[in-house]
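Overview (structure and organization)
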Amino acid sequence: RFVFAPKAVVHFKPRSSLGAFFRQYYRYARGDGKADLWRKRHAIRYGTYIAAPLAIVAALRYNVIWLPLLMAGLAYCSRPWQRLWPQMSGWSPVQKLQAIVLVPVIRLVGDLAKMCGYPAGVWWRIRRRSAHAPVQGDSKGID
């Protein structure tokens, strides 16, 4: 039986290497695809990664696009930086800089893992559904 526990504390630990982190998020997204979860969220991610290179190419021609592009990039990393900031007390300036610079790298790796994992899960779900679909004339398909 589940009960609401408002003071419960939950910890989440991403993997410590980029390869293990990629596999972790690939598997999360593959599960989303298998369970048909978060379609809109995954679609937004694909759209963003299609639009970003196009925006960069456009910015090469029209300089006015660089500012909104920079703002979007900062917004992309703002939440992880907010979470990171309180943990950096006592760190050296070099450690702080490394952590700040790694945030976009980690976000990119996680997003790429999700963009690979989600279609793998969807493909699994489609194959499974078609493998279990009743054959025409099969009595199993008749209620």
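Below, the structure is looked at part by part. (Residues numbered from 1 in each chain as written. Predicted model: local features only at pLDDT ≥ 70, side-chain atom pairs only at ≥ 80, totals over all residues. Heavy atoms only, no water.)

1. Quick look at helix α1 (residues 18–35)
Note: α-helices contain 3.6 residues per turn, so residues at a spacing of three or four share the same orientation. The following threshold applies: The helix and strand labels rest on DSSP assignments: H or I over at least four residues marks a helix, E over at least two residues marks a strand, and numbering proceeds from the N terminus. For a helix, the expected span equals 1.5 Å multiplied by the number of residues minus one. Note on exposure labels: buried denotes an accessible area under 20% of the residue type's maximum, exposed denotes more than 50%, and partly exposed covers the range between, all computed with a 1.4 Å probe on protein chains only. Whether two residues touch is decided by their heavy atoms; if any such pair falls within 4.5 Å, the residues are in contact.
Relative to the 26 Å expected for 18 residues at 1.5 Å per residue, α1 spans 26 Å between its end C-alpha atoms, a close match to the ideal helical length. Listed as buried for α1 are Ala 20, Phe 21, Gln 24, Tyr 25, Ala 29, Asp 32 and Gly 33. Along its buried surface, α1 packs onto α2 (39–61) and α4 (93–131). Looking at the residues trailing α1, positive phi occurs at Asp 36, about 60 degrees.

2. Quick notes on the packing of α1 against α4
Put simply, the rule reads: Helix axes use the C-alpha atoms of the stretch in contact, all axes being lines fitted to C-alpha atoms, and the angles between their N-to-C directions lie in the range 0 to 180 degrees. Rotating anticlockwise by less than a right angle from the far helix to the near helix defines a left-handed crossing, while the corresponding clockwise rotation defines a right-handed one. When residue character is reported, Ala, Val, Leu, Ile, Met, Phe, Trp, Tyr, Cys and Pro are called nonpolar, Asp, Glu, Lys and Arg charged, and the others, Gly included, polar.
Two elements in contact, α1 and α4, have axes whose closest approach is 6 Å; the angle formed by their N-to-C orientations is 35 degrees. Two packed elements cross with a definite hand, and for α1 against α4 that hand is right-handed. A class-by-class count of the residues in the contact of α1 with α4 yields 16 nonpolar, four polar and five charged.

3. Side note on the side chain of Arg 125
So the rule is basically this: Whenever two N or O atoms come within 3.5 Å, that pair is a polar contact, provided that in protein one can donate a hydrogen and the other can accept it, and provided that, for residues adjacent in sequence, both atoms are side-chain atoms.
Within the fold, Arg 125 resides in helix α4. The exposure class assigned to Arg 125 is buried, which follows from its relative accessible area of 15%. In this structure the side chain of Arg 125 is engaged in a polar contact, spanning 3.4 Å, whose partner is the side chain of Asp 36. Setting aside residues no more than four positions away along its own chain, Arg 125 makes contact with Gly 33, Lys 34 and Asp 36.

4. Comments concerning the environment of Tyr 46
Here Tyr 46 shows up in helix α2. A sequence separation of 87 residues divides Tyr 46 from Ala 133, and the C-alpha atoms of the two residues are 30 Å apart. With residues up to four places along the chain from it excluded, the contact list for Tyr 46 reads Lys 114, Met 115, Tyr 118 and Pro 119.

5. Observations concerning the packing of α2 against helix α3 (residues 66–84)
Relative orientation of the contacting elements α2 and α3 amounts to 145 degrees, with a least axis distance of 9 Å. The hand of the α2/α3 crossing is left-handed. Together, Tyr 49, Ala 55, Ile 56, Ala 59 and Leu 60 of α2 and Trp 66, Leu 69 and Tyr 76 of α3 make up the contact between the two elements. Residue classes in the contact of α2 with α3 are distributed as eight nonpolar, no polar and no charged.

6. Describing the packing of aromatic side chains
Applied cut-off: Any Phe, Tyr or Trp ring, taking Trp's six-membered ring, that has another such ring centre within 6.5 Å forms a pair; planes under 30 degrees apart are called stacked, those over 60 apart edge-to-face, and the others tilted. When the NZ atom of lysine or the CZ atom of arginine is within 6 Å of a ring's centre and also within 35 degrees of its normal, the charge is said to sit over that ring.
Inspection of every chain in the model, using the stated rule, returns three aromatic pairs. Ring centres of Phe 21 and Tyr 25 lie 4.5 Å apart, and the angle between their planes is 40 degrees; this geometry places the pair in the tilted category. A residue pair is termed a helical-turn pair when its members lie 3 or 4 positions apart in one helix, as Phe 21 and Tyr 25 do in helix α1 at four residues. Tyr 25 carries the same exposure label as Phe 21, and that label is buried. Seen from their ring centres, Phe 22 and Tyr 26 are 6.4 Å apart, and the 20 degrees between their planes marks the pair as stacked. Taken together, the positions of Phe 22 and Tyr 26, both in helix α1 and four residues apart, correspond to about one turn of that helix. The class of Phe 22 is partly exposed, set by a relative accessible area of 28%. You can call Tyr 26 partly exposed: its relative accessible area is 24%. One aromatic cluster is present, built from ring pairs that chain together Phe 21, Tyr 25 and Tyr 28. Its end group placed over the ring of Trp 124, Lys 34 keeps NZ or CZ at 4.6 Å from the ring centre. Across from the ring centre of Trp 38, 4.2 Å away, lies the NZ or CZ of Arg 41, which sits over that ring.

Spatial relationships are all this shows, so hold off on functional conclusions.
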